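Descriptive structure summary
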Amino acid sequence: MSLLLAASTQRTIGWVLALLVTVPVIFLMARRAFVILFRADPEVGSEVELAPNRLPAVPDEVLEGTRLDRSLGAGLVTLALIGVVLPLYWLGEPGRIDGADANYNRIFTDRGGESYEELCTACHGPGGGPGAAQFTLTDASGDFVSQVSWAAPALNTVLTRFSEEEVTHVLNFGRNGVMPAWGGPGGGPLTEQQVNNLVVWMRSIQLDPDTIAANVRNGAAERKAALLKEADPSLSDEEAAAAAGAFMGEVDDMLAPLKANAEATLSARISGVERLPEGEARDRELAKIESQLEDFVAADLLAEDFADKDVLIAWGEVLFSNRADAGVYGCARCHTAGFSYQAVEQAERVDGTPVQDSYDQGGGAFGPSLTGGATVTRFIDPGQQQTFITIGSQTGVSYGSAGRSSQGSGQMPGFGARAEGDNEYNALLSQPEIAAIVAYERSL
Ligand code: HEC
Ligand code: HEC
């Protein structure tokens with residue numbers, strides 16, 4: 001609507017300006033032509049006094065009287081018009097800029113969406129995924145091992161995990177030899193603008209917090225059921241699902257007293273904010289409190305003497321290896337070899353045996369190994385590890401405790417909420433969930 005308005009005011013002002021210039025010019029030219037063609041005629045034959053193309057001289061009284069007044073009056077009117085039109089034009093400028101921005105955004109989003117449908121759905125799945133890519137697995141000497149189906153991450157949460165620059169890097173250069181290089185810098189076919197359009201389109205498909213939380217929880221429960229069946233193959237699917245549901249109940253029971261505790265600590269502030277009138281300010285305050293409650297619970301979970309460590313670590317394990325939406329809420333797709341192509345459950349060698357007998361969880365793949373106490377060495381304080389997983393790594397920025405740090409590549413995603421420009425992206429994992437993963441990693 002504002003776009004339409006902006007466009008139409010601009011056009012109207014343009015028309016007015018054009019008319020202001022053209023109408024007087026046409027009028028003067030027409031009058032001159034009229035005088036030359038018709039008025040001069042009766043003068044024919046009296047050239048001595050006045051040539052036929054000359055008008056009789058205007059007397060001084062007229063020139064310095066009505067003529068002068070008329071010219072000055074016209075000047076004044078023009079000046080007044082300019083005085084009114086210019087500020088009006090200036091007033092309309094922000095609207096026109098917003099209109100142009102919205103227009104560009106819409107065009108880029110549409111074009112990005114079209115490119116996605118054309119180039120990416122085959123692997124990532126329609127509408128932003130998830131999907132799977134066919135991939136030929138070879139061994140170190142290049143010999144065929146297996147034809148596998150490699151999980152292609154859903155992109156409807158990718159702008160939480162990575163900055164737009166980091167996403168652009170993946171689009172330009174591809175990853176792991178399975179995600180192709182699309183941009184010019186990586187030798188791909190797309191222009192910088194086309195790559196940018198894809199990123200702009202991704203902004204339009206990012207998920208809301210409730211959907212994300214439900215996906216994480218359901219994925220963790222499914223993963224728990226799979227682990228239970230692995231440990232006891234005699235379990236039916238229903239039995240495994242029921243046991244997994246019971247486990248999620250244990251997690252809730254573990255968290256409930258910690259939440260109650262945190263709420264008691266903040267009770268004065270909570271009731272103060274609840275008394276505020278409904279509106280943005282209240283929502284902002286409530287969100288702040290919500291995030292502080294999460295921080296308190298996470299700190300309790302990571303305390304040295306936390307009593308329920310077994311449930312905590314078991315929860316961390318299923319969050320780490322969550323397969324929901326092609327593994328985007330978890331870590332195993334990058335930190336566990338073979339996890340992305342189900343090397344144990346599905347991928348088979350030519351002789352029918354599985355490509356891997358088991359997973360070395362956190363043993364390292366695209367991301368480094370986290371086993372053998374690696375993360376305890378890297379981060380003295382578990383809280384620092386929690387922060388690192390919340391914000392991820394940045395290119396050229398080192399992470400880890402002083403004297404034990406490493407250079408980030410920007411390829412370790414961040415799982416907490418993120419903002420870029422005017423856009424805000426919801427957290428993929430809550431702080432208690434990240435704390436559980438930290439506890440699990442530190443146990444590896
Ligand atoms: C041949 C299959 C294939 C095609 C085509 C493909 N991708 Fe991918 N892409 C993948 C796979 C597989 C991964 C995961 C790689 C890994 O596990 O390291 C991936 C990873 C990504 C990632 C990183 C996401 C993350 O969270 O790690 C982005 C972004 C991405 N692809 C975008 C695109 C876009 C946009 C297109 C279309 C222009 C596209 N991909 C086309 C297979 C494909
Ligand atoms: C898209 C791939 C990817 C995913 C998914 C991923 N990581 Fe990473 N991770 C990396 C990379 C790459 C690094 C190395 C740092 C760098 O290059 O910036 C890393 C580094 C780390 C480190 C530091 C290890 C060290 O000793 O330097 C920790 C801890 C870690 N990741 C934990 C996690 C956790 C927890 C998750 C899931 C919640 C996760 N990662 C998901 C790619 C990934």
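Residues numbered from 1 in each chain as written. Chains lettered and ligands numbered in written order. Predicted model: local features only at pLDDT ≥ 70, side-chain atom pairs only at ≥ 80, totals over all residues. Heavy atoms only, no water.

**Thoughts on the site of ligand 1**
Rules: Any residue with a non-hydrogen atom lying within 4 Å of a molecule or strand is treated as near it. Each polar contact in these results corresponds to two N or O atoms within 3.5 Å; when the atoms are within protein, one needs to be able to donate a hydrogen and the other to accept it, and residues that are neighboring in sequence are counted only if both atoms are side-chain atoms. A helix here means a DSSP run of H or I that spans at least four residues, while a strand means a run of E at least two residues long, and both kinds are numbered starting from the N terminus. Gly is placed with the polar residues, together with every amino acid not listed as nonpolar (Ala, Val, Leu, Ile, Met, Phe, Trp, Tyr, Cys and Pro) or charged (Asp, Glu, Lys and Arg).
The environment of ligand 1 is made up of 23 residues, and the closest members are C120, C123, H124, N176 and M179. Separating an oxygen atom of ligand 1 from a side-chain N or O atom of R161 is a distance of 2.9 Å. R175 is positioned such that a nitrogen or oxygen atom in its side chain is 2.9 Å from an oxygen atom of ligand 1. Sorting the residues of the shell around ligand 1 by element identifies α3 (121-124), β2 (144-152), α4 (158-161), α5 (164-173) and α6 (192-203) as the ones contributing at least two each. By residue class, the composition of the shell around ligand 1 is 18 nonpolar, 2 polar and 3 charged.

**Observations regarding the environment of A246**
Relative to the helices and strands, A246 is located in helix α8 (residues 237-265). Each C-alpha atom of the pair A246 and A221 lies 9.4 Å from the other, and the pair is 25 residues apart in sequence.

**Concerning the pattern of salt bridges**
Stated formally: The rule for a salt bridge is simple: a side-chain nitrogen of Lys or Arg has to be within 4 Å of a carboxyl oxygen of Asp or Glu. Any residue under 20% of the maximum accessible area for its type is buried, any over 50% is exposed, and the rest in between are partly exposed; the area is computed with a 1.4 Å probe on protein chains only.
Enumeration according to the criterion identifies 8 salt bridges in this entry. Two residues, R96 and E93, come together in a salt bridge whose shortest N-O distance is 2.7 Å. Of this pair, R96 and E93 are both found in helix α2 (residues 60-119), 3 residues apart, which corresponds to roughly one turn of the helix. Its relative accessible area of 9% is what places R96 among the buried residues. E93 sits in the partly exposed class, given a relative accessible area of 30%.

**Notes on the pairing of strand β1 (residues 131-138)**
For clarity, the cut-off: Note on pairing: two strands pair once DSSP finds at least 2 bridges between them.
For β1 and β2, the ladder comprises 8 bridges, and the chain directions are antiparallel. Bridged to Q134 within β2 is S149. Linkage of β1 to β2, two consecutive antiparallel strands, is achieved through a turn of 5 residues, within which G142 is found at a positive phi near 90°.

**A closer look at the coordination of the iron atom of ligand 1**
Operational definition: Donor atoms: N, O and S within 2.8 Å of the metal, or within 3.2 Å for Na, K and Ca. Because water is excluded, sites can look incomplete. The geometry test gives tetrahedral to four donors whose angles all lie between 85 and 135 degrees, gives square planar to four donors and octahedral to six donors whose opposite members are over 155 degrees apart with all other angles between 65 and 115, and gives irregular to the rest.
On the protein side, the iron atom of ligand 1 has H124 (NE2) and M179 (SD) as donor atoms, found 2.0 to 2.1 Å from it. One way to put it: the 6 donor atoms around the iron atom of ligand 1 meet at angles of 87 to 179°, and that makes the site octahedral. Of this pair, H124 sits in helix α3 while M179 is found in the loop between α5 and α6, placing the two residues 55 residues apart along the sequence. We classify H124 as buried; its relative accessible area is 11%.

**Some remarks on helix α16 (residues 431-443)**
The following threshold applies: Each residue after the first adds 1.5 Å to the expected span of a helix.
For α16, with 13 residues, the first-to-last C-alpha span of 18 Å sits near the 18 Å given by 1.5 Å per residue. Extensive coverage of α16 is indicated by the burial of 12 of its 13 residues. Those residues of α16 that sit buried are Q431, P432, E433, I434, A435, A436, I437, V438, A439, Y440, E441 and R442.

**What about the coordination of the iron atom of ligand 2?**
Distances from the iron atom of ligand 2 to its protein donors, H335 (NE2) and M412 (SD), fall at 2.0 to 2.2 Å. Coordination at the iron atom of ligand 2 is octahedral, judged from the 6 donor atoms that bind it and the angles of 88 to 179° they form at the metal. Here M412 lies in the loop between β4 (406-407) and β5 (418-420) and H335 lies in helix α13 (residues 332-335), a separation of 77 residues in the sequence. Residues H335 and M412 agree in their burial class; the two are buried.

**A few points about the site of ligand 2**
Taken together, 26 residues sit near ligand 2, with C331, C334, H335, S409 and M412 positioned nearest. In this structure, an oxygen atom belonging to ligand 2 sits 3.0 Å away from a side-chain N or O atom of R378. For ligand 2, an oxygen atom lies 2.5 Å from a polar atom in the side chain of S409. At the level of elements, α13, α14 (374-378), α15 (382-391) and α16 are the ones that each hand at least two residues to the shell around ligand 2.

**With respect to the nonpolar core**
What counts here: Definition of nonpolar core: a set of buried residues of the types Ala, Val, Leu, Ile, Met, Phe, Trp, Tyr and Cys, connected through side-chain atoms within 4.5 Å. Two residues form a contact once any of their heavy atoms are found within 4.5 Å.
By size, the foremost hydrophobic cluster in this structure holds 64 residues, and its most contacted members are F247, M254, L301, L312, W315, Y329 and Y341. Residues in contact with L312, not counting those within four places in the same chain, are M254, L301, F306, A436 and A439. Counting residues in hydrophobic clusters, the runner-up holds 19 residues, among them V158, V167, L198 and I205.

**What about the side chain of T109?**
With respect to the element layout, T109 can be found in helix α2. Using a relative accessible area of 18% as the deciding quantity, one classes T109 as buried. Of note is the side chain of T109, whose polar atom sits 2.6 Å from the backbone oxygen of N105. Apart from residues no more than four positions distant in its own chain, T109 is found in contact with V200, W201 and S204.

**Details of the packing of helix α10 (residues 280-301) against α16**
Keep this limit in mind: To get an axis, a line is fitted to the C-alpha atoms, and for a helix only the part in contact is used. The angle between two axes follows their N-to-C directions and goes from 0 to 180 degrees. Small angles under 35 degrees read as roughly parallel and large ones over 145 as roughly antiparallel, with 65 to 115 read as roughly perpendicular and the rest as oblique. Less than a right angle of anticlockwise turn of the near helix away from the far helix marks a crossing as left-handed, whereas a clockwise turn marks it as right-handed.
Their axes nearest at 8 Å, the elements α10 and α16 cross at an angle of 20°. Taken as axis vectors, α10 and α16 run roughly parallel relative to one another. Crossing hand, α10 versus α16: right-handed. Contact residues: E294, D295, V297, A298 and L301 in α10; Q431, P432 and A435 in α16. When its residues are assigned to classes, the contact of α10 with α16 shows 5 nonpolar, 1 polar and 2 charged.

**Thoughts on the domain arrangement of the protein chain**
The following threshold applies: Marked domain ranges trace back to an automatic or database domain assignment.
Parsing the protein chain into structural domains produces domain 1 (2-103) and domain 2 (209-443). A straight line from the C-alpha centre of domain 1 to that of domain 2 covers 72 Å.

**Quick notes on a negative patch on the surface**
Definition in use: Every patch collects residues that have over 30% relative accessible area and no salt bridge, joining them within 9 Å if they carry like charges and within 5 Å if they are nonpolar side chains (Val, Leu, Ile, Met, Phe, Trp, Tyr). In these tables, accessible area is a Shrake-Rupley quantity obtained with a 1.4 Å probe, and a residue counts as shielded only by the protein chains included in the view. Only four residue types enter the tally: Lys and Arg on the positive side, Asp and Glu on the negative side, with His and both chain ends excluded. One atom stands in for each charge, and that atom is NZ of Lys, CZ of Arg, CG of Asp or CD of Glu.
A surface patch of like charges, here negative, comprises E250, D253, D308 and D310. Along the chain, E250 turns up in helix α8. Relative accessible area serves as the criterion here: at 42%, E250 is assigned to the partly exposed category.

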